[in-house]
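Chain residues, written in single-letter form:
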Amino acid sequence: AVDRLKQADVLWASDSFMAQSLRDLAGVRAMPGVCHVGKPLDFLPPPTWPRDPWLRNRLRAEGASLGPVEGCVVLRAGAVGPEGGIEETFQAMEHLPKDIVFVLLGRPSDSYRQTLERLKDKYRLEHRVFIWPLLADSDWKRCLQGADVGHLIHTGRGVTQRAHALNSALSTVRLFNYMAAGLPIVGYDDPRLSTFYQEVPCVRDARLQNLAFDLRTILGELSSEPSLREKLGRIARHAHESKYNWEHQFAPILDAITRTSQTPALGQGICQAEA
């Protein structure tokens with residue numbers, strides 16, 4: 001595999017840290033290109049505030065204590081596992097208003113699903129936590145359009161510690177789903193994300209060493225200030241439209257591939273590295 005990397009004419013990765021690792025692995029001088037896994041511009045329509053009512057109506061039908069526009073829906077769109085700060089989010093929610101609900105889209109293992117159900121009982125979160133493992137793509141998108149806050153926590157503990165060390169959230173599709181949906185994001189204090197946080201200030205980051213406490217503060221703030229959620233969501237959507245979309249991200253890679261294919265001495269191949 002390393003020999004093939006060295007022979008490739010075009011190398012690219014899904015964030016700058018992956019690009020550095022790829023350059024070191026391939027033993028090449030030039031830094032590989034970076035192509036973030038942003039969503040296409042037509043992935044979702046422009047967001048609205050108040051949010052699309054489909055998700056809220058479904059949650060209310062299942063017993064959630066939400067009003068037509070009151071309350072706050074926190075969404076974790078994927079990666080439902082023990083390294084996602086989910087337990088700490090449950091702990092924080094015990095001390096937050098009952099009209100803050102948490103929706104988990106993903107397929108937890110049977111054992112972890114049982115753990116979450118026990119924690120729901122422990123923290124008295126009946127009708128406040130909803131785990132939906134199997135949704136149609138259209139319903140998944142409606143969840144993104146209807147949510148109020150995107151949940152992006154990765155603790156990097158346990159079995160994912162090695163993977164977390166090698167991959168930042170800048171290579172996760174979830175981040176760019178939230179941005180396309182115009183969601184404020186609850187993130188975490190990974191130094192690899194600090195430059196992105198400054199560039200796209202749509203994130204409220206929690207300290208992993210004080211996760212439950214910080215989540216209680218951040219979710220309390222975001223849930224009580226719809227205007228703040230809209231402000232941060234517009235920042236996220238603008239970043240999606242202007243830079244972090246697939247068309248913009250892939251354009252220089254496509255240009256490099258095109259130029260390489262037109263050079264008779266080259267044309268050996270291309271290689272992409274991503275999380």
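Residues numbered from 1 in each chain as written. Predicted model: local features only at pLDDT ≥ 70, side-chain atom pairs only at ≥ 80, totals over all residues. Heavy atoms only, no water.

Bringing the overall build of the protein into the picture now. Secondary structure assignment for the protein yields 12 helices and 9 strands. For the protein, the C-alpha radius of gyration of 20 Å lies close to 19 Å, the compact-globule estimate for 275 residues. Over its C-alpha atoms, taken along the principal directions, the protein stretches across nearly 65 × 40 × 35 Å. Within the protein, buried positions represent 49% of all 275 residues. Put simply, of all contacts in the protein between residues at least 6 apart along the chain, 73% involve residues at least 24 apart. Surface summary for the protein: the accessible area is close to 13300 Å², and the carbon and sulfur share equals 52%. (Helix = DSSP H or I, 4+ residues; strand = E, 2+ residues; numbered from the N terminus. Rg over C-alpha atoms; globule rule 2.2 N^0.38 Å. Buried < 20%, exposed > 50% of the residue type's maximum accessible area, 1.4 Å probe, protein only. Contact = heavy atoms within 4.5 Å. Areas by Shrake-Rupley, 256 points an atom, 1.4 Å probe, with all protein chains shown as cover.)

Next up on the list: the pattern of salt bridges. Overall, the coordinates contain 14 salt bridges when judged by the stated rule. Between glutamate 94 and arginine 124 there is a salt bridge whose closest N-O contact spans 3.2 Å. Of this pair, glutamate 94 sits in the loop between α4 (86-93) and β4 (100-105) while arginine 124 sits in the loop between α5 (110-122) and β5 (129-132), and the two are 30 residues apart along the sequence. The closest approach of N and O atoms between arginine 204 and glutamate 221, which form a salt bridge, is 3.9 Å. Note that arginine 204 is positioned in strand β8 (residues 203-206) and glutamate 221 in helix α10 (residues 211-224), a separation of 17 residues in sequence. Each of Arg56, Asp148 and Arg229 takes part in one network of salt bridges that share partners. (Salt bridge = Lys/Arg side-chain N within 4 Å of Asp/Glu carboxyl O.)

What follows is about helix α3 (residues 53-61). Taken as a whole, α3 has its buried residues at Leu55, Arg56 and Leu59. Projection of α3 onto a plane perpendicular to its axis shows the buried side chains occupying an angular sector of 95 degrees, all on one side. Of the surrounding elements, those touching the buried residues of α3 are β3 (72-77), β4, β5 and α6 (137-146). The backbone nitrogen of tryptophan 54 lies 3.0 Å from a side-chain oxygen of the residue at the head of α3, namely aspartate 52. (Arc of directions from axis to C-beta. Polar contact = N/O pair within 3.5 Å; in protein donor to acceptor, adjacent residues only side chain to side chain.)

Next up on the list: the layout of surface pockets. Here the idea is plain: a probe the size of a water molecule rolls over the atoms and shows the empty space left. Of the volumes computed, that of the second largest pocket is approximately 240 Å³. Lining the second largest pocket we find 16 residues, and of these Pro50, Arg51, Val69, Asp148 and Arg229 sit closest to its centre. Looking at the lining of the second largest pocket, the elements that each hand over two or more residues are α3 and α11 (226-242). Ranked by the residues each element gives to the lining of the second largest pocket, the list is headed by α11, at 3 residues. Broken down by class, the residue content of the lining of the second largest pocket amounts to 8 nonpolar, 2 polar and 6 charged. (1 Å grid on protein atoms, 1.4 Å probe; cavity = no way out; pocket = protein on both sides within 12 Å on 5 of 7 lines; lining within 4 Å. Points joined across faces, edges and corners; volume = space filled by probe spheres on them. Nonpolar A, V, L, I, M, F, W, Y, C, P; charged D, E, K, R; others polar.)

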